[in-house]
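Descriptive structure summary
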Amino acid sequence: MKYFIITYGCQMNRSDSERIATRLQEMGHKPAKNTASANLIVVNLCSVRESAVHRALDQIYKLNNKTRKIIAAGCILPSDRKKLAAKNIAVWHPDDYFSQNPLRESKFSAFVPIMTGCNNFCSYCAVPYTRGREKSRPAKEIVAEIKKLLKNGIKEIILLGQNVNSYRAERDTNSSSEALAKADGFINFPRLLELINGLPGDFRLSFITSHPKDMSDKLIEAMAKCKKIIPYLHLPVQSGDDKILRAMNRHYSVAHYKNLIKKIHSSFARHRRVSKDKLLFSPLAISTDIIVGFPGETAGQFKNTLKLIKDIDFDMIYFARYSPRSGTLAAKLKDNVSPKEKRRRAQAINTLLKKQALELNKKYIGQEVEILVEKVDENWARGKTTTNKEVQIPRKKLKIGQIVSAKITDAAAWHLKGLEKPR
Ligand code: SAH
Ligand code: SF4
Ligand code: F3S
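Please read these numbers as outputs of a predicted model, since none were measured by experiment.

**Some thoughts on the site of ligand 1**
Surveying the vicinity of ligand 1 reveals 14 residues, the closest of which are Tyr-124, Gln-162, Gln-238, Asp-289 and Ser-323. One of the backbone N or O atoms of Gln-162 is found 2.8 Å from a nitrogen atom in ligand 1. A distance of 2.7 Å is found between a nitrogen atom of ligand 1 and a backbone nitrogen or oxygen belonging to Ser-323. Taken by itself ligand 1 offers 540 Å² of open surface, and the protein chains cover 87% of this.

**Digging into the pairing of strand S6 (residues 109–113)**
By the criterion of burial, S6 is predominantly enclosed, with 5 of the 5 residues buried. Here S6 shows two buried faces, one formed by Ser-109, Phe-111 and Pro-113 and the other by Ala-110 and Val-112. One ladder, built from 5 bridges, connects S6 with strand S9 (residues 156–160); its direction is parallel. In the strand pairing of S9, Pro-113 is matched with Leu-160.

**What about the environment of Pro-31?**
With respect to the helices, strands and loops of the structure, Pro-31 is situated in strand S2 (residues 30–31). Placed 82 residues apart in sequence, Pro-31 and Pro-113 show a C-alpha to C-alpha distance of 24 Å. Setting aside its immediate chain neighbours within four residues, Pro-31 contacts Lys-2, Tyr-3 and Gln-25.

**Here we look at the site of ligand 2**
Every residue lining ligand 2 is accounted for by Cys-118, Asn-120, Phe-121, Cys-122, Tyr-124, Cys-125, Val-127, Pro-128, Gln-162, His-211 and Arg-250. Looking at side-chain class alone, the shell around ligand 2 contains 7 nonpolar, 3 polar and 1 charged residues.

**Some details on the domain arrangement of the chain**
Domain boundaries in the chain define domain 1 (2–97), domain 2 (106–230), domain 3 (234–363) and domain 4 (368–421). Contact with domain 3, which involves 15 residues of that partner, is made by 13 residues of domain 4. Across the contact surface, domain 3 and domain 4 share 1 salt bridge. On the surface where domain 3 and domain 4 come into contact, there are 4 residue pairs in polar contact (both at pLDDT 80 or more).

**Focus: the sheet that holds strand S12 (residues 204–208)**
Adjacent strands of a sheet form backbone hydrogen bonds with each other and so pair up, either parallel or antiparallel. Taken in spatial order, the 3 strands make up an open sheet running S6-S9-S12, and their pairing is parallel. Taken across any chain shown, the strands that pair with only one partner, and hence form the sheet edges, are S6 and S12. In this sheet, adjacent strand axes meet at a mean angle of 20° when their direction is disregarded. Looking at chain direction, S9 and S12 are connected through 5 bridges and run parallel. The partner of Leu-160 across the bridge, within S12, is Ile-208. Sitting on the sheet, helix H1 (residues 11–26) touches S6, S9 and S12, and the angle it makes with S6 is about 95°.

**Section: the packing of aromatic side chains**
Across all of its chains, the model carries 5 aromatic pairs by this definition. Between Phe-121 and Tyr-129, the ring centres sit 5.4 Å apart and the planes meet at 80°, which makes this aromatic pair edge-to-face. Taking the relative accessible area as the measure of exposure, Phe-121 reaches 27% and is therefore partly exposed. The interplanar angle of 65° and the centroid separation of 5.4 Å between the aromatic rings of Phe-294 and Tyr-322 together place this pair among those described as edge-to-face. With Phe-294 in the loop between strand S14 (285–292) and helix H11 (299–312) and Tyr-322 in the loop between strand S15 (316–321) and helix H12 (339–362), this pair connects stretches of sequence that are 28 residues apart. What makes Tyr-322 buried here is its relative accessible area of 5%. If you follow Lys-87 out to its NZ or CZ, it ends over the ring of Tyr-61, 4.3 Å from the centre. Here Arg-168 stacks its cationic end above the ring of Phe-186, 3.6 Å away from the centre of that ring.

**Concerning the side chain of Asn-361**
Of note, Asn-361 is situated in helix H12. Reaching out from Asn-361, the side chain makes a polar contact with the backbone oxygen of Ala-413 at a distance of 3.0 Å. Look past the residues within four positions of Asn-361 in its chain and what remains in contact with it is Lys-389, Ala-411, Ala-412, Ala-413, Trp-414, His-415 and Leu-416.

**Some details on the packing of helix H2 (residues 50–63) against helix H3 (residues 78–86)**
One can describe the packing of H2 onto H3 by two numbers: an axis separation of 12 Å at closest approach and a directional angle of 15°. As far as their axial angle goes, H3 and H2 are roughly parallel. The two elements H2 and H3 cross, and the hand of that crossing is right-handed. Counted together, Val-53, His-54, Leu-57, Ile-60 and Tyr-61 of H2 and Asp-80, Lys-83 and Leu-84 of H3 form the full contact between these two elements. Residues belonging to the contact of H2 with H3 are distributed by class as follows: 5 nonpolar, 1 polar and 2 charged.

Thresholds, definitions, all that
Residues numbered from 1 in each chain as written. Chains lettered and ligands numbered in written order. Predicted model: local features only at pLDDT ≥ 70, side-chain atom pairs only at ≥ 80, totals over all residues. Heavy atoms only, no water. Near = heavy atom within 4 Å. Polar contact = N/O pair within 3.5 Å; in protein donor to acceptor, adjacent residues only side chain to side chain. Areas by Shrake-Rupley, 256 points an atom, 1.4 Å probe, with all protein chains shown as cover. Buried < 20%, exposed > 50% of the residue type's maximum accessible area, 1.4 Å probe, protein only. Helix = DSSP H or I, 4+ residues; strand = E, 2+ residues; numbered from the N terminus. Pairing = 2+ DSSP bridges. Contact = heavy atoms within 4.5 Å. Nonpolar A, V, L, I, M, F, W, Y, C, P; charged D, E, K, R; others polar. Domains from an automatic or database assignment. Salt bridge = Lys/Arg side-chain N within 4 Å of Asp/Glu carboxyl O. Axes fitted to C-alpha atoms, helices over the stretch in contact; angles between N-to-C directions. Phe/Tyr/Trp six-rings, centres within 6.5 Å; stacked < 30°, edge-to-face > 60°. Lys NZ or Arg CZ within 6 Å of the ring centre and 35° of its normal. Parallel < 35°, antiparallel > 145°, perpendicular 65-115°, else oblique. Left-handed = near helix turned anticlockwise from the far one by under 90°.

Laid out in structure tokens, this is it:
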């Protein structure tokens, strides 16, 4: 059959789709260019927001006809599983998911899952109900996969997990790797980072997602010390109000979050101080997730979120309007912030973020940065700095996957412009 995979949701789902593709090819299926030419369609679903699930289910029902087979995959809530079963739509069961070889989308950047599932039960979140409990992947397997990737010229490794900070795998006494065999008791996330950072080769290392309650001092220290880890951290805060954070079951306060950011900045300042002749500009960039309109969120509590955004000066915020998910604790609370008010709050964050991001980006003007080229068209090459900022430079001879130096000439809120600098 000719297959096509539609992927919704986060990087975790994109990574899973790469492993689903291998499995489909092992079964003898061939890739199709689009849904129209496919007679086997896998829809990898995300359940975080209700409206998105509805759209995806509608799409499945529309695609479903006698000429093709549809399989739903990914993060599906029990209530949606019932809906799919009622329409006779099959659901994909990933068996031995980690050991499956991915069919990678990119030749220069690779997602490497290190754990899946979640034990945190934030009161609004569907993930623990769709992905189940936390499961960490053996360190040996992770290191072997990364070694292979580096040998094949991969320049960027992105470690994935719902909560990478709580990675914990048994030590492997039989390992041929000395570092792995010596690790006593178990391997936690800081240790895993050290192991990966120690692999030979020049590459960018990053990870998503971290939970503020699990950002230990050891992890902060390891992050700053391991020089292959890029100076960029995504640390979802969700709200800037202590009462809302408690209702969200997040297990930290605004003060704790602020203190974490302070510690991370000072740790990077200590370990990453560059010598005067080193011109590459890379301050530490911080991004976050915020939910607006959680049940009971008052105008005053939302103001606290705006205040936190000003205090932290985030480089990027992925904000969402609260959406009740069936089976979660928060779904029992009254969704009492009106859609209009949720939109207004989201808009207020966007306006503030845009203003702050522009000011932060202006600091890049005149500086020299390192860019990993991700896209090229006729006139422009686009790539990311180590701080996850998109930079556009005149294409010239640049190719995807290349790392170049560029001098920043212009800044907008969501991207920078620059000129290539010969190294
Ligand atoms: N494991 C990650 C990602 C969870 S889902 C983490 O802990 O950060 C990604 C983001 O979706 C969350 O950070 C949250 O901001 C948002 N989200 C989750 N559930 C939501 C809901 N019910 N309504 C609106 N946004 C939600
Ligand atoms: Fe969801 Fe919270 Fe787990 Fe993240 S940590 S996946 S937001 S329950
Ligand atoms: Fe990711 Fe959505 Fe699942 S955010 S973990 S694909 S519910």
